Amino acid sequence: MLLSLVLITIYFREPAGGGLHGVQSGGATVLRPFEVAANRVASPFRDAYGWFAGLVHAKSENADLRAKLDKLRSQVIEDSTARAENADLKRQLNYQHSPDFPTDFEPVNAEVVGHPPTEFDQQVTIAAGSSKGIRVDDAVVTADGLVGKVSHTTGHQALVTLLTDPDLKVSALDFDTNAVGLVGHGEGQGTLTLDNVKKAQVLRPGDAIVTQGWKVRGIASIYPKNIAIGYVSGASVSEVDLYWNAQITPSVNFDSLHSVIVLVPKERAR
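An account of the accompanying structure is given in this report. The structure displayed is predicted, hence computed values, not measured ones.

On to the overall build of the protein. In terms of regular secondary structure, the protein is built from three helices and 14 strands. Relative to all contacts within the protein whose residues are 6 or more apart in sequence, the contacts with residues 24 or more apart total 56%. Looking at the protein as shown, the accessible area adds up to about 17300 Å², and 57% of this sits on carbon and sulfur atoms.

Below, the structure written as structure tokens:
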């Protein structure tokens, strides 16, 4: 240690061309090839370490970006759904306060909380039941038109059978020509047909089809009059046919129901 201190003192005190500086320069020259070789040997390991470190950082950053993207997508979906539901609710409220709403009924607004699991199940579940005055066979509508009828109730939920169900038939009327028939499910998913329209009556493509709302000897249809059902998309009749063969495009999109209105008769509500 003493020798080292002496040499360091002499080194800093002697001029640049001194003996110790010469020894240092010569040693550096001798050791330079070993330094270069060591750098060449270590370089691939340093590069590999840097590559793996960069890869780990990139994977971490990628996972973070994916998480943020998934969160953003979820937020966009939630916002879009909320806007659609809000717009749907406004349309329902506007319909309830319009002259087209049936005067003998009280509206019960209900959210659709369960959709059919398969295309063969033509029923939806709504978040309102007998506690709100809803009973079996109450008509169900939206601002667009007829949805179906209530087929089962509990205290706070109800099952609604859609107009596209094979077992559901509704007395209907051609609003333009007064042709009368029965609306039921069609051949394709979400389609309807108009049956039992006599050949002597008139059907035209584009005609509006509404509920007939019949009353006979104190007995009335469960569906109010003039609720929109759809439009005639095709109609044909041959010389040997007794009835028209008519297809109806529904006014309601049954695949995107967010909320509905159950029509409760005012006499029962009182």
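The next thing to look at is the pairing of strand β12 (residues 228-236). The side chains of a regular strand alternate, residue by residue, between the two faces of the sheet. One ladder, built from three bridges, connects strand β9 (residues 208-211) with β12; its direction is antiparallel. Bridging across to β12, A208 finds its partner in Y231. As defined by bridge partners, β12 adjoins strand β13 (residues 245-250) across six bridges and the pair is classed as antiparallel. Each residue of the ladder has a partner; that of V232, found in β13, is I248.

Turning our attention to the side chain of D174. Secondary-structure assignment places D174 in strand β6 (residues 170-174). Buried charged residue D174 carries no salt bridge. Nearest counter-charge: R204, at 5.9 Å. Polar side-chain contacts of D174 include one of 2.8 Å to the backbone nitrogen of D176. Excluding residues that lie within four positions of it along the chain, D174 makes contacts with A179, V202, L203, R204, D207, A208 and I209.

So, about the side chain of D165. Here D165 shows up in the loop between β5 (158-162) and β6. This buried residue, D165, is left without a salt bridge; K149 holds the nearest opposite charge, at 8.7 Å. D165 has contacts with Q122 and H185, leaving out every residue within four places of it along the chain.

In this section: a nonpolar patch on the surface. Judged by side-chain polarity, W214, V216 and I219 come together as a nonpolar surface patch covering roughly 270 Å² of accessible area. Its location among the elements puts V216 in strand β10 (residues 215-216).

Quick look at the sheet that holds strand β4 (residues 146-153) now. Spatial ordering of the closed barrel is given by β1-β2-β5-β4-β3-β14, a layout of six strands whose pairing is antiparallel. On average, each strand axis in the sheet is inclined to that of its neighbour by 45 degrees, with strand direction left out of account. Where strand β1 (residues 105-114) meets strand β2 (residues 123-126), two bridges bridge the pair, whose relative direction is antiparallel. Each bridged residue has a counterpart across the sheet, and for V112 the counterpart in β2 is I126.

Thresholds, definitions, all that
Residues numbered from 1 in each chain as written. Predicted model: local features only at pLDDT ≥ 70, side-chain atom pairs only at ≥ 80, totals over all residues. Heavy atoms only, no water. Helix = DSSP H or I, 4+ residues; strand = E, 2+ residues; numbered from the N terminus. Contact = heavy atoms within 4.5 Å. Areas by Shrake-Rupley, 256 points an atom, 1.4 Å probe, with all protein chains shown as cover. Pairing = 2+ DSSP bridges. Buried < 20%, exposed > 50% of the residue type's maximum accessible area, 1.4 Å probe, protein only. Lys, Arg positive; Asp, Glu negative; His and termini not counted. Salt bridge = Lys/Arg side-chain N within 4 Å of Asp/Glu carboxyl O. Polar contact = N/O pair within 3.5 Å; in protein donor to acceptor, adjacent residues only side chain to side chain. Patch = residues over 30% accessible without salt bridge, like charges linked within 9 Å, V, L, I, M, F, W, Y side chains within 5 Å. Axes fitted to C-alpha atoms, helices over the stretch in contact; angles between N-to-C directions.

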